[in-house]
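Examination of the molecular architecture
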Amino acid sequence: MTTEEFAEQSIRLGSHEAELNRSDTAIIVAVKSRVPLPPSSEIFGALSDASIACAEVINTYGARPIPANVRAGLFRLHCAITDLAATLKIYVMLMVRPT
């Protein structure tokens, strides 16, 4: 792979990370402001797209080592996926708790 391809992968992973972070923030704001959540298709679509992007990057390298900047992008994206999943879990717990 060329340096440009490594950079493209890092940018793509960063783009997915930013999308997940926006969804996470939107859910938190919605809960605090008592306004509707973003459409579930957007939230789960972003999660699905991020997961697919991770799998594609990992498959690109096979047994070869993943460059540090790409590996860091995968790590940050994994953290964003985990954060959004935790936010969704907390949201559901708050919405179904007895009053």
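An account of the accompanying structure is given in this report. Throughout this document, residue positions are counted from 1 along each chain, in the order its sequence is written. Thresholds applied to this predicted model are a pLDDT of at least 70 for local features of residues and 80 or more for the giving and counting of side-chain atom pairs; totals over whole chains, interfaces and linings are not thresholded and use all residues. Side-chain numbers come from the whole structure's heavy atoms, not from hydrogens or water.

**Focus on the overall build of the protein chain**
- Numbering of helices and strands runs from the N terminus; a helix is a DSSP stretch of H or I covering at least four residues, while a strand is a stretch of E covering at least two. Secondary structure summary: the protein chain contains three helices and zero strands in total.
- For the radius of gyration, the atoms used are the C-alpha atoms, and the globule rule reads 2.2 Å times the number of residues raised to 0.38. Here the C-alpha radius of gyration of the protein chain, 16 Å, is well above what a compact globule of 99 residues would show, namely 13 Å.
- Once the C-alpha set of the protein chain is aligned to its principal axes, its extents read approximately 55 × 20 × 20 Å.
- Relative to its full complement of 99 residues, the protein chain shows a buried share of 28%.
- Only heavy atoms enter the contact rule, under which two residues are in contact if any of them lie within 4.5 Å. In the protein chain, of all internal contacts separated by at least 6 residues, the share reaching a separation of at least 24 is 77%. Note on classification: 1.4 Å probe, protein chains only; a residue is buried when its accessible area is under 20% of the maximum for its type, exposed when over 50%, partly exposed between these limits.

**Side note on the packing of helix α2 (residues 40–61) against helix α3 (residues 68–96)**
- The interhelical angle for the contact between α2 and α3, taken along N-to-C directions, is 155°, at an axis separation of 11 Å. By the angle between their directions, the pair α2 and α3 is classed as roughly antiparallel. As α2 runs across α3, the sense of the crossing is left-handed. On α3, the residues that touch I43, F44, L47, A50, S51, C54, V57, I58 and Y61 of α2 are V70, L74, L77, I81, L84 and L88.
- Three categories are distinguished: nonpolar for Ala, Val, Leu, Ile, Met, Phe, Trp, Tyr, Cys and Pro, charged for Asp, Glu, Lys and Arg, and polar for the others, with Gly belonging to the last. Taken together, the residues that form the contact of α2 with α3 break down as 14 nonpolar, one polar and no charged. All axes are obtained by fitting lines to C-alpha atoms, using only the stretch in contact for helices, and the reported angles, taken between N-to-C directions, cover 0 to 180 degrees. Here roughly perpendicular refers to angles of 65 to 115 degrees, roughly parallel to angles under 35, roughly antiparallel to angles over 145, and oblique to all remaining angles. The crossing is said to be left-handed when, going from far helix to near helix, the turn is anticlockwise and less than a right angle, and right-handed when the turn is clockwise.

**Here's the deal with unusual backbone geometry**
- Of note in this structure, R34 is not a glycine but carries a positive phi near 55°.
- Its place among the elements puts R34 in the loop between α1 (3–33) and α2.
- Here R34 falls in the exposed class, since its relative accessible area comes to 77%.

**Let's talk about the nonpolar core**
- Definition used in this section: a nonpolar core is a set of buried Ala, Val, Leu, Ile, Met, Phe, Trp, Tyr and Cys residues joined via side-chain atoms within 4.5 Å. With 16 residues, the main nonpolar core has L13, L20, V57, L77, L84 and L88 as its most contacted residues.
- Those elements that provide at least two residues to this core are α1, α2 and α3.
- In this structure, L77 is in contact with L13, H16, E17, L20, A50 and C54, ignoring residues within four places of it in sequence.

**What to know about the environment of T87**
- Tracing the backbone shows T87 in helix α3.
- T87 sits in the buried class, given a relative accessible area of 13%.
- Separated by 75 residues in sequence, T87 and R12 place their C-alpha atoms 23 Å apart.
- Excluding residues that lie within four positions of it along the chain, T87 makes contacts with D24, I27 and I28.

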